[in-house]
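Working through the structure, step by step
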Amino acid sequence: MVALLWAFWAWQPWEFDFIERKPEQPLPRIDPDSKKLFGKGTRVLVITAHPDDSEFYIGGTLHLLGKSAEIHQIICTDGDKGYYWFFADAKENRRVRRIEANAAKDAWHGRSLEFLGYPDGRLRVRDELVDRIAERIRALRPEYVLAFDGEFPPRLSHQDHRRAGDAALLAAKTAGVPLWLMMFSTNAANYYVDITDVWPDKEELLKIHASQFHGERLERVTNMVASSAEKDGEAANVTHAEGFRCIKL
């Protein structure tokens, strides 16, 4: 039984921290030059693990940025496992989720989208991954990079999210391009984007990923995302918000 439990834990893609990762003290609030962030022509690079991550975690921010910024995206995996069922059709998942991700990118007016094609649920921080991201940063020279927070993630989170965040941080540090790194899905937010006015638009973005979110599952996911946005909104003294840990590199 112990061996079976260990095998299941090794197979499934989630990680749990018995001791929650948080800074020793709350980080002081910071403004990552928000006037420039939402200014016309600002170059933004979004780095996620799976095809629906950007809409789930920062769909409101992307909708706002899409009105003026030049947004590019890297997705490290194709989401070929989806909900990680034993008998998932990886090829079909890959095909459908690429279509959905491109449709979502078009909905928030993204400029480009690149899939790195690593296996869903098995993302690792290797030199190749870091180098590919760093190369893209050097080519695009973004002024802002939005990525998962691998240092202070939620206590229970997908390992691909953490590894994508770790790789993005390493790549941003080594790329030699001055930028703001804005890390989401974080326990250490020091900046919040007010998404109250575009909350209905974020709900619509979630619906684009119909292979993952439909019927009762869509309702549950929407409620989950709403709860997180309301929690961040409370911290920012607004109705709905998305929190980021921002550092200048």
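Above this note sits the structure.
Keep in mind the model is a prediction, meaning the values are calculated, not measured.

Considering the sheet that holds strand β2 (residues 43-48)
Strand order in the open sheet made by the 7 strands is β4-β3-β2-β5-β7-β9-β8, with mixed pairing throughout. Edge strands, defined here as strands with exactly one partner in the open sheet, are β4 (112-118) and β8 (191-194). Strand-to-strand twist across the sheet, computed as the mean angle between neighbouring axes with direction ignored, equals 25°. Two elements, strand β5 (residues 144-148) and strand β7 (residues 180-184), share 5 bridges in a ladder whose sense is parallel. What sits directly across from A147, in β7, is M183. Its contacts with the sheet put helix α8 (residues 215-236) on β8 and β9 (241-248), and the angle it makes with β9 is roughly 65°.

Structural notes on the nonpolar core
In terms of nonpolar packing, the biggest core is built from 59 residues, with I47, I137, L146 and F244 touching the most fellow members. Non-local contacts of F244, meaning those with residues more than four positions away in its chain, are made with I58, T61, L146, M182, M183, F184, T186, A189, N190, Y191 and V193.

A look at the packing of aromatic side chains
Scanning the model with the defined rule gives 7 aromatic pairs in all. Each ring, one from F56 and one from F213, has its centre 6.4 Å from the other, and the planes form 45°; the classification is tilted. Taken together, the positions of F56 in helix α3 (residues 53-65) and F213 in the loop between α7 (199-208) and α8 put the pair 157 residues apart, joining distant regions of the chain. Given the relative accessible area of 5%, F213 is considered buried. The interplanar angle of 80° and the centroid separation of 5.2 Å between the aromatic rings of Y57 and F148 together place this pair among those described as edge-to-face. Here the residue Y57 occupies a position in helix α3, and F148 occupies one in strand β5, the gap between them amounting to 91 residues.

Observations concerning the pattern of salt bridges
Going through the model one piece at a time under the given rule, you end up with 19 salt bridges. The closest approach of N and O atoms between E151 and R245, which form a salt bridge, is 2.7 Å. On the criterion of sequence distance, the pair formed by E151 in the loop between β5 and β6 (156-158) and R245 in strand β9 is long-range, its members being 94 residues apart. Here the salt bridges share partners, and the residues they tie into one network are E15, D17, R21, R162, R163 and D166.

Re the layout of surface pockets
Roughly 1,400 Å³ of volume is contained in the largest pocket. If you trace the largest pocket, you find 47 residues lining it, with F56, Y57, P154, S185 and S228 closest to the centre. Taken together, the elements giving at least two residues each to the lining of the largest pocket come down to α3, β6, α8 and β9. It is α8 that contributes the most residues to the lining of the largest pocket, 11 residues altogether. Class assignment for the residues of the lining of the largest pocket results in 21 nonpolar, 13 polar and 13 charged.

Rules of the game
- Residues numbered from 1 in each chain as written.
- Predicted model: local features only at pLDDT ≥ 70, side-chain atom pairs only at ≥ 80, totals over all residues.
- Heavy atoms only, no water.
- Pairing = 2+ DSSP bridges.
- Helix = DSSP H or I, 4+ residues; strand = E, 2+ residues; numbered from the N terminus.
- Axes fitted to C-alpha atoms, helices over the stretch in contact; angles between N-to-C directions.
- Contact = heavy atoms within 4.5 Å.
- Core = buried A, V, L, I, M, F, W, Y, C linked by side-chain atoms within 4.5 Å.
- Buried < 20%, exposed > 50% of the residue type's maximum accessible area, 1.4 Å probe, protein only.
- Phe/Tyr/Trp six-rings, centres within 6.5 Å; stacked < 30°, edge-to-face > 60°.
- Salt bridge = Lys/Arg side-chain N within 4 Å of Asp/Glu carboxyl O.
- 1 Å grid on protein atoms, 1.4 Å probe; cavity = no way out; pocket = protein on both sides within 12 Å on 5 of 7 lines; lining within 4 Å.
- Points joined across faces, edges and corners; volume = space filled by probe spheres on them.
- Nonpolar A, V, L, I, M, F, W, Y, C, P; charged D, E, K, R; others polar.

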